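# Coordinate analysis (summary)
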Amino acid sequence: MGKSGRVVGTSACALLATIACFLVMLCCVSPALSLDLKYGDNVLRGKMRAGQEVVVNVEVDSLSAASPIVNKVWGSSGMAPAENHVGALRVQVGGGELIIRLSAYADLGEPYSAGFEPSVRGVVLVLLGGAGDGYSEYRARFYIEPDVLR
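Residues numbered from 1 in each chain as written. Predicted model: local features only at pLDDT ≥ 70, side-chain atom pairs only at ≥ 80, totals over all residues. Heavy atoms only, no water.

What follows covers the overall build of the protein chain. Helix and strand counts for the protein chain stand at 1 helix and 8 strands. Residue burial in the protein chain is summarised as follows: out of 150 residues, 36% are buried. Long-range pairs, those at least 24 residues apart, make up 49% of the contacts in the protein chain with a sequence separation of at least 6. Only carbon and sulfur atoms are counted for the fraction: they give 59% of the accessible area of the protein chain, which is about 9500 Å². (Helix = DSSP H or I, 4+ residues; strand = E, 2+ residues; numbered from the N terminus. Buried < 20%, exposed > 50% of the residue type's maximum accessible area, 1.4 Å probe, protein only. Contact = heavy atoms within 4.5 Å. Areas by Shrake-Rupley, 256 points an atom, 1.4 Å probe, with all protein chains shown as cover.)

Rendered as structure tokens:
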């Protein structure tokens with residue numbers, strides 16, 4: 001305590017604690033690579049912790065208003081039917097292509113962003129989509145490992 005009876009340095013301790021928390025976050029969380037999606041092919045490149053290159057191609061295709069799935073895909077709502085969806089998703093790890101079933105991505109409508117998040121065994125591909133109304137927003141995660149997609 002100081003001469004005035006107040007505890008000395010409490011604001012300095014709080015500042016140091018805040019800085020320490022910020023530094024821990026910087027060290028533990030890798031920055032996510034991301035890409036804004038447009039019609040056609042969208043290529044995203046990254047690396048796994050083991051150094052293997054990951055190349056993802058997200059193909060965004062249009063959906064016609066007459067399509068039977070236009071109101072059934074993620075990202076659409078009764079007020080805003082989807083105008084596009086993920087038409088193809090290809091993933092290569094270290095030059096080898098992983099098999100991805102159509103059912104894993106064909107119902108993802110209105111995709112607007114793709115990005116990587118770190119993972120213990122590889123990387124996580126995150127696709128964001130929706131009509132922008134909050135109601136139809138989604139986050140689809142694909143866990144990419146050296147030999148398999150989960």
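On to the pairing of strand β4 (residues 84-93). When you tally the buried positions in β4, you get 7 out of 10 residues, the bulk of the element. Pairing of strand β3 (residues 53-62) with β4, which is carried by 9 bridges, proceeds in the antiparallel orientation. Each bridged residue has a counterpart across the sheet, and for aspartate 61 the counterpart in β4 is histidine 85. Judged from the 3 bridges that link them, β4 and strand β5 (residues 96-98) form a sheet pairing that is antiparallel. Bridge pairing links valine 91 to leucine 98 in β5. The turn joining β4 and β5, which pair antiparallel and follow one another in sequence, is formed by 2 residues; a positive phi near 60 degrees is taken by glycine 94. (Pairing = 2+ DSSP bridges.)

Inspection of the secondary structure puts phenylalanine 116 in strand β6 (residues 111-118). Along the backbone, phenylalanine 116 and methionine 48 are 68 residues apart, and their C-alpha atoms lie at a distance of 9.9 Å.

Further remarks concern the environment of isoleucine 144. With respect to the helices and strands, the residue isoleucine 144 is situated in strand β8 (residues 138-144). Separated by 96 residues in the primary sequence, isoleucine 144 and methionine 48 place their C-alpha atoms 9.1 Å from one another.

Turning next to the sheet that holds β4. Here we have 4 strands laid out as an open sheet, ordered β2-β3-β4-β5, and antiparallel in their pairing. Only two strands of the sheet have a single partner each, and these edge strands are β2 (40-47) and β5. With direction set aside, neighbouring strand axes in the sheet form an average angle of 25 degrees. (Axes fitted to C-alpha atoms, helices over the stretch in contact; angles between N-to-C directions.)

We now examine the pattern of salt bridges. When the charged atoms of two side chains with opposite charge come close together, those side chains can pair. Scanning the model with the defined rule gives 5 salt bridges in all. Here aspartate 41 ties to arginine 90 by a salt bridge, and the two come within 3.7 Å at their closest N and O atoms. Here aspartate 41 is found in strand β2, whereas its partner arginine 90 is found in strand β4, with 49 residues between them in sequence. On the basis of relative accessible area, aspartate 41 is assigned to the partly exposed category, the value being 43%. Exposure remark for arginine 90: the relative accessible area of 30% places this residue in the partly exposed category. Among the ionic pairs, arginine 45 bridges to glutamate 53, the shortest N-O distance being 3.6 Å. (Salt bridge = Lys/Arg side-chain N within 4 Å of Asp/Glu carboxyl O.)

Here we come to the sheet that holds strand β7 (residues 123-129). The strand order across the open sheet built from 4 strands is β1-β6-β7-β8, with neighbouring strands paired in antiparallel fashion. The open sheet has two free edges, formed respectively by β1 (34-36) and β8, since each of these has just one partner strand. In this sheet, adjacent strand axes meet at a mean angle of 15 degrees when their direction is disregarded. Pairing of β7 with β8, which is carried by 7 bridges, proceeds in the antiparallel orientation. Directly across from valine 123, in β8, lies its bridge partner isoleucine 144.

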